[in-house]
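Fold and geometry: a report
The chain contents come next:
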Amino acid sequence: MSRVKRLFDVGGKVALVTGAAGTIGAAFAEALASEGAKVFLVDRRGGDLSRVASDLQAKGLGCEWSEADLTKEEEIERAFSRCEEVLGHIDILVNSIGDSVYKPTLDLSLAEWNRVISVNLTSAFLCSKRAAKSMIDSGKRGKIINVASIYGLRVDYFPIAAYYSSKAGLINLTKALAVEWARFGINVNAIAPSFVPSRLTKIILEDPQSREHVLNRTPLRRLAQPEDLLGALMFLASPASDYITGQVIVVDGGWCAW
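Everything numeric in this text was worked out from a predicted model, so none of it was measured.

Calculation notes
- Residues numbered from 1 in each chain as written.
- Predicted model: local features only at pLDDT ≥ 70, side-chain atom pairs only at ≥ 80, totals over all residues.
- Heavy atoms only, no water.
- Axes fitted to C-alpha atoms, helices over the stretch in contact; angles between N-to-C directions.
- Helix = DSSP H or I, 4+ residues; strand = E, 2+ residues; numbered from the N terminus.
- Parallel < 35°, antiparallel > 145°, perpendicular 65-115°, else oblique.
- Left-handed = near helix turned anticlockwise from the far one by under 90°.
- Contact = heavy atoms within 4.5 Å.
- Nonpolar A, V, L, I, M, F, W, Y, C, P; charged D, E, K, R; others polar.
- Pairing = 2+ DSSP bridges.
- Right-handed = clockwise from strand over helix to strand, strands pointing away.
- Phe/Tyr/Trp six-rings, centres within 6.5 Å; stacked < 30°, edge-to-face > 60°.
- Buried < 20%, exposed > 50% of the residue type's maximum accessible area, 1.4 Å probe, protein only.
- Salt bridge = Lys/Arg side-chain N within 4 Å of Asp/Glu carboxyl O.
- Core = buried A, V, L, I, M, F, W, Y, C linked by side-chain atoms within 4.5 Å.

This paragraph deals with the packing of helix α5 (residues 110-138) against helix α6 (residues 161-181). Put simply, α5 and α6 touch, their axes get as near as 8 Å, and they point 15° apart. Overall, the two elements α5 and α6 adopt an arrangement that is roughly parallel. The two elements α5 and α6 cross, and the hand of that crossing is right-handed. Between α5 and α6, the residues in contact are Trp 113, Val 116, Ile 117, Asn 120, Leu 121, Ala 124, Phe 125, Ser 128, Lys 129 and Ala 132 and Ala 161, Ala 162, Tyr 163, Ser 165, Ser 166, Lys 167, Gly 169, Leu 170, Leu 173, Leu 177 and Trp 181, respectively. Of the residues that constitute the contact of α5 with α6, the class distribution is 14 nonpolar, five polar and two charged.

Set out below in structure tokens:
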């Protein structure tokens, strides 16, 4: 293997991917598994998660999985302990679960606000803390990758205040953990994509006016696809990024360049 290829080698690493039943999480899990990582999938949607695992196995890619609500610390502990039991200590954590409520703020209930913050931000805090323990106990380097959003860097006219706030918080959490855990050899970074067709973006992208707004804001004039994010993922998951921490890689077709 050449020196450059070794830089991007994740073979044998244990990668836990949250939100693995979703569009981005499933793509990330497949990419890591295809490059030799031992992948553990976690999501609260057990049926969808089982189908993702079956699809990977049908492609000859091994994986393990566990259904869990990642807003609950006891379920996180159960899933992460299972990962360590069957695959070993965690080398890579990808936090990719997400939720949103499309509703004017004046109509947004406290319960809806709390749900989005809990799924998008609190779960990343809890999962990162548990993964860091596994990494520190092993005495080896680790990688934590948070899936943020361009809407953690700026807002728009869409009524998704809780989502904007949660993703902005996730970006600053990324920076805080990067600084705090650098001494343990743990790199914490984030990927901030623009619009990827998915369950969460469906309400916006199915509206012709909103979709045109998104395309007009994107210099490359197309939506992001999951494969557009894989380069950033593999870079941040591999030794190629060992000297990079606390950063946000924006994958947005030029949106933030305006």
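Now that the structure has been shown, the text picks up again.
This next bit is on the pairing of strand β3 (residues 63-67). When strand β2 (residues 38-43) meets β3, the two strands line up parallel, connected through five bridges. Each residue of the ladder has a partner; that of Asp 43, found in β3, is Glu 67. As a crossover connection, the stretch from β2 through helix α3 (residues 46-58) into β3 is right-handed.

The next thing to look at is the packing of aromatic side chains. Enumeration according to the criterion identifies six aromatic pairs in this entry. Relative to Phe 158, the ring of Tyr 157 has its centre 4.7 Å away and its plane inclined at 45°; by these criteria the two rings are tilted. Feature note: the residues Tyr 151, Tyr 157, Phe 158, Tyr 164, Phe 195 and Trp 255 constitute an aromatic cluster, connected by ring pairs.

So, about the environment of Thr 18. Within the fold, Thr 18 resides in strand β1 (residues 14-18). For Thr 18, a relative accessible area of 1% gives the class buried. For the pair Thr 18 and Pro 208, spaced 190 residues apart in sequence, the C-alpha to C-alpha distance is 31 Å. Not counting the four nearest positions on each side in its chain, Thr 18 is found in contact with Val 42, Leu 70, Leu 93, Val 94, Asn 95, Ser 96, Ile 97 and Cys 127.

The next point concerns unusual backbone geometry. Peptide bonds are trans in most cases, and residues, glycine excluded, mostly fall at negative phi. Located in the positive-phi region is Arg 221, a residue other than glycine, with phi close to 60°. Examined against the element boundaries, Arg 221 turns out to sit in the loop between α8 (208-216) and α9 (230-237).

This part takes up the pattern of salt bridges. A side chain of one charge can pair with a side chain of the opposite charge when the charged atoms of the two come close. On inspection of all chains with the given rule, the structure shows 17 salt bridges. Here Glu 112 and Lys 103 are joined by a salt bridge, their closest N and O atoms 2.7 Å apart. With a relative accessible area of 17%, Glu 112 lands in the buried category. Note that Glu 212 and Arg 221 form a salt bridge whose closest N and O atoms lie 3.5 Å from each other.

On to the environment of Val 39. Within the secondary structure layout, Val 39 lies in strand β2. Between the C-alpha atoms of Val 39 and Ser 100, which are 61 residues apart in sequence, the distance is 27 Å. The contact partners of Val 39, leaving out residues within four places of it in the chain, are Ala 15, Val 17, Ala 29, Leu 32, Ala 33, Gly 62, Cys 63, Glu 64 and Leu 87.

Burial within strand β6 (residues 186-193) is extensive, with eight of its eight residues counted as buried. Residues Ile 186, Val 188, Ala 190 and Ala 192 of β6 are buried on one face, and the alternating residues Asn 187, Asn 189, Ile 191 and Pro 193, pointing to the opposite face, are buried as well. Pairing of strand β5 (residues 142-147) with β6, which is carried by six bridges, proceeds in the parallel orientation. Across the sheet, residue Lys 143 finds its bridge partner in β6, namely Asn 187.

Residues Leu 32, Val 39, Leu 41, Val 94 and Leu 233 are the most contacted members of the largest nonpolar core, which totals 35 residues. Among the secondary structure elements, those contributing two or more residues to this core are β1, α2 (23-34), β2, α3, β4 (92-95), β5 and α9. Per-element accounting of this core gives the leading share, seven residues, to α2. Membership of the second largest hydrophobic core comes to 33 residues, among which are Val 42, Ile 97, Ala 148 and Val 188.

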